[in-house]
Amino acid sequence: MMNGYDKQEAVAFITKRIKAADHKELADQIEKLVGQAIDADMKYMHDNDVIDADGNAGTAYYEDDEAFEFMVETIVANNKLTPEQAVKVAALVDDYMDYQQAYLESKGLCDWE
């Protein structure tokens, strides 16, 4: 995890902002899937040296498109979802990324723009 990052707080912050009506097919799973997105996002950042083993800034930049693909693929694989469900998850991950950024900014955890 990133230093100063509180996963439970982030899940609450993000799920409060995601409109369930925009994700009707996933509405009952949003909180669980946001938690999985956070885990996948952190794994992506660790694996790609965006953050180091201690949770500090690493030597690489966060590549939005790569991170997005990694999160969607991870969630789809972990939940054995169909291609149709994968499209729905991709829309949810897209919203997650916007609200994750807002959460990080609200906590002063990102120094990039």
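Above this text sits the structure in question.
Residues numbered from 1 in each chain as written. Predicted model: local features only at pLDDT ≥ 70, side-chain atom pairs only at ≥ 80, totals over all residues. Heavy atoms only, no water.

1. Topic: the nonpolar core
Membership of the largest hydrophobic core comes to 35 residues, with the highest contact counts inside it found for Tyr5, Ile14, Val34, Ile38, Met71 and Tyr96. For this core, the elements supplying multiple residues, two or more each, are helix 1 (7–17), helix 2 (30–47), helix 3 (64–79) and helix 4 (83–106). If we skip the residues at most four places from it in the chain, Tyr96 touches Ile14, Ile18, Val34, Ala37, Ile38, Asp41 and Met71. (Core = buried A, V, L, I, M, F, W, Y, C linked by side-chain atoms within 4.5 Å. Buried < 20%, exposed > 50% of the residue type's maximum accessible area, 1.4 Å probe, protein only. Helix = DSSP H or I, 4+ residues; strand = E, 2+ residues; numbered from the N terminus. Contact = heavy atoms within 4.5 Å.)

2. What about helix 4?
Structurally, the α-helix is built with 3.6 residues per turn, so residues lying three or four positions apart point the same way. In this model helix 4 runs 34 Å from its N-terminal to its C-terminal C-alpha over 24 residues, within 8% of the 34 Å that 1.5 Å per residue would give. Of the residues making up helix 4, those classed as buried are Ala86, Val89, Ala90, Leu92, Val93, Asp95, Tyr96, Met97, Gln100, Tyr103 and Leu104. Each element contacted by the buried residues of helix 4 is listed here: helix 1, helix 2 and helix 3. Looking at the residues trailing helix 4, positive phi occurs at Gly108, about 65°. (Expected span 1.5 Å × (residues − 1).)

3. Observations concerning the environment of His46
Mapped onto the secondary structure, His46 falls in helix 2. The class of His46 is partly exposed, set by a relative accessible area of 28%. Distance from His46 to Gly58, taken between C-alpha atoms, is 8.3 Å for residues twelve residues apart in sequence. Every residue in contact with His46, bar those within four places of it in the chain, is listed here: Met1, Ile51, Asp52 and Ala53.

4. Side note on the pattern of salt bridges
Close approach of charged atoms lets side chains of opposite charge pair. Under the criterion given, the structure shown has four salt bridges. The residue Lys107 makes a salt bridge to Glu9 at a minimum N-O spacing of 3.2 Å. Taken as a pair, Lys107 in the segment after helix 4 and Glu9 in helix 1 lie far apart in primary sequence, 98 residues in all. Classification of Lys107 by relative accessible area gives partly exposed; the value is 40%. One salt bridge connects Asp47 with Lys43, and the closest N-O pair in it is separated by 2.7 Å. Taken as a pair, Asp47 and Lys43 lie in helix 2 at a separation of four residues, close to a single helical turn. (Salt bridge = Lys/Arg side-chain N within 4 Å of Asp/Glu carboxyl O.)

5. Overview of the packing of helix 2 against helix 3
Running from amino to carboxyl end, helix 2 crosses helix 3 at an angle of 125°, the nearest separation of the two axes being 9 Å. It follows from the interaxial angle that helix 2 and helix 3 lie oblique. The way helix 2 lies across helix 3 gives a crossing that is right-handed. Seen from helix 2, the contacting residues are Lys32, Leu33, Gln36, Ala37, Ala40, Asp41, Lys43 and Tyr44; seen from helix 3, they are Glu66, Ala67, Phe70, Met71, Thr74, Ile75 and Asn79. Considered class by class, the residues forming the contact of helix 2 with helix 3 number eight nonpolar, three polar and four charged. (Axes fitted to C-alpha atoms, helices over the stretch in contact; angles between N-to-C directions. Parallel < 35°, antiparallel > 145°, perpendicular 65-115°, else oblique. Left-handed = near helix turned anticlockwise from the far one by under 90°. Nonpolar A, V, L, I, M, F, W, Y, C, P; charged D, E, K, R; others polar.)

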